[in-house]
Amino acid sequence: MLQPFQRALSPRHTKPLATILLSVSAGAMATMAYADTYPTKAIRVIVPYGPGTAPDTVARIATDGLQKRLGQALIIENRTGAGGKLGTEAAATANADGYTLFLGTKDSQAILTHLYPTWSVKPNQALKPIAGLARIENVLVTGRSFGTQTFAQVLAVAKTKELTYGTPGVGTNLHLMGESLKAQTHTKLLHIPYSKSAAEALPATIRGDLDLLFSGLPPALPMLKDGRIKALAVTGTTRSKYLPNIPTFGELGVQGFESGGWFGLFAPAATPEPILKKLETAMTEVMKEPSYRERLEALSAEPWSATPVELTRTIDVESQRWGSLIREKKIGTD
């Protein structure tokens with residue numbers, strides 16, 4: 001009588017097993033061969049924000065370097081709407097063949113899923129990180145006509161009367177910064193979203209239509225330099241080299257603003273691992289080029305050479321922090 005292990009190794013069982021192993025091996029070899037020749041055509045990179053924004057500019061700087069390394073064109077496709085939701089969904093549901101990539105941000109990867117809890121797309125599951133690209137700091141500014149000179153003075157006013165603050169839209173990381181500041185300082189702040197055209201928020205601040213504005217540093221810096229607006233505080237663990245005289249939120253006693261905005265390269269989750277590795281290696285080489293840093297610094301951004309593991313860890317931390325705030329303040333659209 002055959003024992004169980006003998007039966008498992010009998011000819012009638014080993015043939016299917018051998019067939020399975022052969023199929024798996026053939027599939028792996030085909031994937032490796034595919035990765036060796038990849039890419040053979042243009043690659044589209046979905047950016048969930050409009051042309052001329054900081055994410056769009058970072059994507060163009062990164063793809064300029066990548067296409068030189070990969071030998072194929074990388075074409076930016078701006079898919080705007082719903083605070084980045086539409087572009088994120090387009091990337092998450094795209095073919096996982098290496099010919100669709102995605103410019104992800106703190107908003108798309110760590111915030112949207114909490115704003116839309118019934119959304120069928122889960123960005124952290126549907127999109128796989130390839131590499132970090134860049135970081136920017138965020139800044140709280142006011143118009144010169146507002147009259148106050150310091151962060152402390154603004155808070156003192158906001159404890160006695162309601163002040164308005166502008167952002168690029170409901171649920172953006174800048175909106176959540178405003179809600180966090182309001183909660184921590186017990187001040188009266190009214191959110192004014194500029195979701196249709198965030199570029200209008202800076203002129204509105206200059207005119208005095210807005211008391212305060214949370215902005216990414218790149219679009220605000222030219223107006224800070226010429227004195228049309230005044231910076232009150234910046235994100236980061238240390239002061240920004242672009243605004244060395246402006247304190248961080250942490251210095252001013254406001255917690256949770258250690259990171260500003262960040263940008264990373266992602267792909268649909270089922271993209272073959274050899275292709276993801278090839279893209280990661282190419283991006284690592286691009287980031288070593290002096291021109292990459294120089295172009296980012298012209299944008300008042302910094303290179304961020306995060307690995308997929310580091311990028312995933314950052315997303316987890318951000319998701320936990322901002323998800324808690326969204327639930328607590330009942331911010332969302334569902």
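See the structure above.
Let us look at the structure shown here. (Residues numbered from 1 in each chain as written. Predicted model: local features only at pLDDT ≥ 70, side-chain atom pairs only at ≥ 80, totals over all residues. Heavy atoms only, no water.)

Points about the overall build of the chain
Link 1 in the chain: The helix and strand tally for the chain stands at 13 helices and 11 strands.
Link 2 in the chain: Taking all 334 residues of the chain together, 49% fall into the buried category.
Link 3 in the chain: In the chain, of all internal contacts separated by at least 6 residues, the share reaching a separation of at least 24 is 78%.
Link 4 in the chain: When the accessible area of the chain is evaluated, it comes to approximately 15,700 Å², of which 57% is carbon and sulfur surface. (Helix = DSSP H or I, 4+ residues; strand = E, 2+ residues; numbered from the N terminus. Buried < 20%, exposed > 50% of the residue type's maximum accessible area, 1.4 Å probe, protein only. Contact = heavy atoms within 4.5 Å. Areas by Shrake-Rupley, 256 points an atom, 1.4 Å probe, with all protein chains shown as cover.)

As for the sheet that holds strand β5 (residues 138-143)
Two orientations exist for strands paired in a sheet by backbone hydrogen bonds: parallel and antiparallel.
Link 1 in the chain: Here we have 5 strands laid out as an open sheet, ordered β7-β6-β8-β5-β9, and mixed in their pairing. Whereas interior strands pair on both sides, the edge strands pair on one side only; in this sheet they are β7 (189-193) and β9 (229-234). Adjacent strand axes in the sheet meet at a mean angle of 30°, parallel and antiparallel pairs treated alike.
Link 2 in the chain: Two strands pair when backbone bridges link them, and strand β6 (residues 163-167) and β7 are joined in this way by 5 bridges, in the parallel orientation. What sits directly across from G166, in β7, is I192.
Link 3 in the chain: Seen against the sheet, helix α8 (residues 173-185) touches β5, β6, β7 and β8 (212-216) and runs at an angle of roughly 135° to β8.
Link 4 in the chain: Sitting on the sheet, helix α10 (residues 217-225) touches β5, β8 and β9, and the angle it makes with β8 is about 120°. (Pairing = 2+ DSSP bridges. Axes fitted to C-alpha atoms, helices over the stretch in contact; angles between N-to-C directions.)

A closer look at the layout of surface pockets
Link 1 in the chain: Space inside the second largest pocket adds up to approximately 170 Å³.
Link 2 in the chain: Surrounding the second largest pocket, 13 residues form its lining, E137, S240, K241, Y242 and E302 being those nearest its centre.
Link 3 in the chain: Partitioning the lining of the second largest pocket into residue classes produces 3 nonpolar, 5 polar and 5 charged. (1 Å grid on protein atoms, 1.4 Å probe; cavity = no way out; pocket = protein on both sides within 12 Å on 5 of 7 lines; lining within 4 Å. Points joined across faces, edges and corners; volume = space filled by probe spheres on them. Nonpolar A, V, L, I, M, F, W, Y, C, P; charged D, E, K, R; others polar.)

Description of empty space enclosed by the protein
Link 1 in the chain: As enumerated under the stated definition, the model contains 1 cavity of 30 Å³ or more in all.
Link 2 in the chain: Around the largest cavity, the lining residues are L140, F151, V154, L155, A158, L181, T187, L189 and L212.
Link 3 in the chain: For the lining of the largest cavity, the element with the highest residue contribution is helix α7 (residues 151-158), accounting for 4 residues.
Link 4 in the chain: Grouping the amino acids of the lining of the largest cavity by side-chain chemistry returns 8 nonpolar, 1 polar and no charged.

Points about the pattern of salt bridges
Any two side chains of opposite charge can pair, on the condition that their charged atoms come close.
Link 1 in the chain: In total, this model carries 19 salt bridges according to the counting rule given.
Link 2 in the chain: The shortest N-O distance in the salt bridge between E89 and K85 comes to 4.0 Å. Highlighted residues: E89 and K85, both in helix α4 (residues 85-92), separated by 4 residues, approximately one helical turn.
Link 3 in the chain: You can call E89 partly exposed: its relative accessible area is 30%.
Link 4 in the chain: Judged by its relative accessible area of 15%, K85 is buried.
Link 5 in the chain: Among the charged side chains, a salt-bridge network with shared partners connects K241, R293, E297 and E302. (Salt bridge = Lys/Arg side-chain N within 4 Å of Asp/Glu carboxyl O.)

Some points on the nonpolar core
Link 1 in the chain: If you look at the biggest cluster of nonpolar residues, it comprises 43 residues, and the most contacted ones within it are L140, F151, L181, L212, F214 and F249.
Link 2 in the chain: Per element, the largest residue contribution to this core is 5 residues, and it comes from helix α13 (residues 308-329).
Link 3 in the chain: Apart from residues lying up to four places away in sequence, L212 is in contact with L140, V141, T142, V154, L163, T164, Y165, G166, L189 and L232.
Link 4 in the chain: Grouped together as the second largest cluster of nonpolar side chains are 36 residues, V47, I275, A282 and A301 included. (Core = buried A, V, L, I, M, F, W, Y, C linked by side-chain atoms within 4.5 Å.)

So, the environment of L212
Link 1 in the chain: In this fold, L212 is placed in strand β8.
Link 2 in the chain: Under the relative-accessibility criterion, L212 is labelled buried at 2%.
Link 3 in the chain: The sequence separation of L212 and A231 amounts to 19 residues, and the corresponding C-alpha distance is 9.9 Å.

Examining the sheet that holds strand β2 (residues 74-78)
Link 1 in the chain: Strand order in the open sheet formed by 6 strands is β2-β1-β3-β10-β4-β11, and the pairing between neighbours is mixed. With partners counted over all chains shown, the strands left at the sheet margins are β2 and β11 (302-303), one partner each.
Link 2 in the chain: Two strands pair when backbone bridges link them, and strand β3 (residues 100-105) and strand β10 (residues 261-268) are joined in this way by 4 bridges, in the antiparallel orientation. If you follow F102 over to β10, its bridge partner there is F266.
Link 3 in the chain: Together, β1 (43-47), β2, β3, β4 (127-136) and β10 form the strand contacts of helix α3 (residues 54-70), whose direction differs from that of β2 by roughly 160°.
Link 4 in the chain: Packed onto the sheet, helix α11 (residues 273-287) meets β3, β4, β10 and β11 and runs at close to 15° relative to β4.

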